[in-house]
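# Structural features, examined
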Amino acid sequence: MYNFIFDSDALIKLTKSGLLDVICNYYNCITTNEIKNECVDEGKKRLYKDALKIEQFINKKLLSVIELKRRGKISEKLGKGEISAVNLYFQEKNSTIITDDSAFIRYLQENNIKFFVPADLILLMKISNKIDKRTALNYLEHIRAFIRVEVYNNIKKDIKEG
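Described in the following lines is the structure provided in the data block. (Residues numbered from 1 in each chain as written. Predicted model: local features only at pLDDT ≥ 70, side-chain atom pairs only at ≥ 80, totals over all residues. Heavy atoms only, no water.)

### As for the overall build of the protein chain
Condition: Here a helix means four or more residues in a row that DSSP labels H or I, a strand means two or more in a row labelled E, and each is numbered from the N terminus. The reference for a compact globule is 2.2 Å times residues^0.38; the radius of gyration itself is calculated from the C-alpha atoms. We call two residues in contact whenever any of their non-hydrogen atoms come within 4.5 Å of each other. All accessible areas in this document rest on Shrake-Rupley with a 1.4 Å probe, and a residue is counted as covered only by the protein chains that are shown. Neither His nor the chain termini are counted; the positive set is Lys and Arg, and the negative set is Asp and Glu. Where a charge lies is defined by one atom per residue type: Lys uses NZ, Arg uses CZ, Asp uses CG and Glu uses CD.
For the protein chain, the count of helices and strands is nine helices and five strands. If you list the helices and strands of the protein chain from N to C, you get β-α-α-β-α-α-β-α-β-α-β-α-α-α. Computed over its C-alpha atoms, the radius of gyration of the protein chain comes to 15 Å, within 12% of the 15 Å expected for a compact globule of 162 residues. Considered along the principal axes of its C-alpha atoms, the protein chain spans approximately 40 × 35 × 30 Å. Of the contacts formed within the protein chain by residues at least 6 apart in sequence, a portion of 60% connects residues at least 24 apart. Split by element, the accessible area of the protein chain, about 9000 Å² in all, is 48% carbon and sulfur. When the 28 basic and 22 acidic side-chain charges of the protein chain are each reduced to a single mean position, those positions are 3 Å apart.

Structure, rendered in structure tokens:
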């Protein structure tokens, strides 16, 4: 099965938009302890509602926290969560990282590591006939406030053409 590795940025945006639940029902969604600590443990200390929701996804086994077997030397420019996501990418076959962090995206592009931005998952669900066009456009509206304008416009165009 194909794995989507979520970083903190993607987990938070998809949770706030209400889309993480939908995505995790269709795909194998995984993350690392470092990212869980950033999103859930630190988020709960700050009383963020999305931290509780992400914890529920983990408890319901919709989002799996995978233990890293080994940690390779990754760029020191990245944070702990991003480093752990890259390590998990190399550990788990058939994986793609999900992020909307522009600095992390640059690193992934420079190192030929597969990634999607969160809105790409809406298009993927549409293309793979898991949702229809109207539902895809509705989901895109839910995430609109959390993504860049050019990403929104490109995905909307692709959904309408597809």
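### Here we look at unusual backbone geometry
What counts here: To sort residues, take the accessible area from a 1.4 Å probe on protein chains only and compare it with the maximum for the residue type: under 20% means buried, over 50% means exposed, and anything in between is partly exposed.
In the Ramachandran plot, L47 falls in the positive-phi region, its phi being about 65 degrees despite a non-glycine side chain. Backbone geometry places K61, a non-glycine residue, at a positive phi of 65 degrees. Looking at K61, the relative accessible area reads 68%, which means it is exposed.

### Regarding the pattern of salt bridges
Where we set the bar: Whenever a carboxyl oxygen of Asp or Glu lies within 4 Å of a side-chain nitrogen of Lys or Arg, that contact is scored as a salt bridge.
Across all of its chains, the model carries nine salt bridges by this definition. Here D100 ties to K13 by a salt bridge, and the two come within 2.8 Å at their closest N and O atoms. Linking D100 in the loop between strand 4 (95-98) and helix 6 (102-110) with K13 in helix 1 (residues 8-16), this pair joins segments that are 87 residues apart in sequence. Assigned by exposure class, D100 and K13 land together as buried. A salt bridge links K45 to E42, with the nearest nitrogen and oxygen atoms 3.3 Å apart. With a gap of three residues between them, K45 and E42 both fall in helix 3 (residues 33-45), about one helical turn apart. Judged by its relative accessible area of 63%, K45 is exposed. With a relative accessible area of 30%, E42 lands in the partly exposed category. Through salt bridges with shared partners, one network takes in D9, K13, D100, R148 and E150.

### So, the sheet that holds strand 5 (residues 115-116)
Just so we agree on the cut-off: At least two bridges found by DSSP between two strands are what make those strands a pair.
One open sheet holds the five strands; their spatial order is 3-2-1-4-5, and the pairing between them is parallel. Edge strands, defined here as strands with exactly one partner in the open sheet, are strand 3 (63-66) and strand 5. Direction of pairing for strand 1 (residues 3-6) relative to strand 2 (residues 28-32): parallel, over a ladder of three bridges. Paired with F4 across the two strands is C29, which belongs to strand 2.

### Structural notes on the state of the cysteines
For clarity, the threshold we go by: Note that a disulfide, as used here, is simply two cysteine sulfur atoms within 2.5 Å.
One pass over the full model with this rule turns up zero disulfides. Between C29, a cysteine without a disulfide, and C24, which holds the nearest cysteine sulfur, the sulfur-to-sulfur distance is 3.1 Å. Overall, C29 belongs to the buried group, its relative accessible area being 1%.

### Observations regarding helix 3
Among the residues of helix 3, those classed as buried are E34, I35, C39, V40 and G43. The secondary structure elements touched by the buried residues of helix 3 are strand 1, helix 1, strand 2, helix 4 (49-59) and helix 5 (80-91). Remark: L47 follows helix 3 within two positions and exhibits a positive phi of approximately 65 degrees.

### Concerning the nonpolar core
Just so we agree on the cut-off: Throughout this description, the term nonpolar core refers to a set of buried Ala, Val, Leu, Ile, Met, Phe, Trp, Tyr and Cys residues connected via side-chain atoms within 4.5 Å.
Judged by nonpolar contacts, the single largest core of 52 residues is most densely connected at F6, I23, V86, I97, I122 and L140. Here V86 is in contact with I74, L78, I97, F104, Y107, L108 and I113, once residues within four sequence places are set aside.

Everything listed here is a matter of geometry and, on its own, says nothing about what the molecule does.
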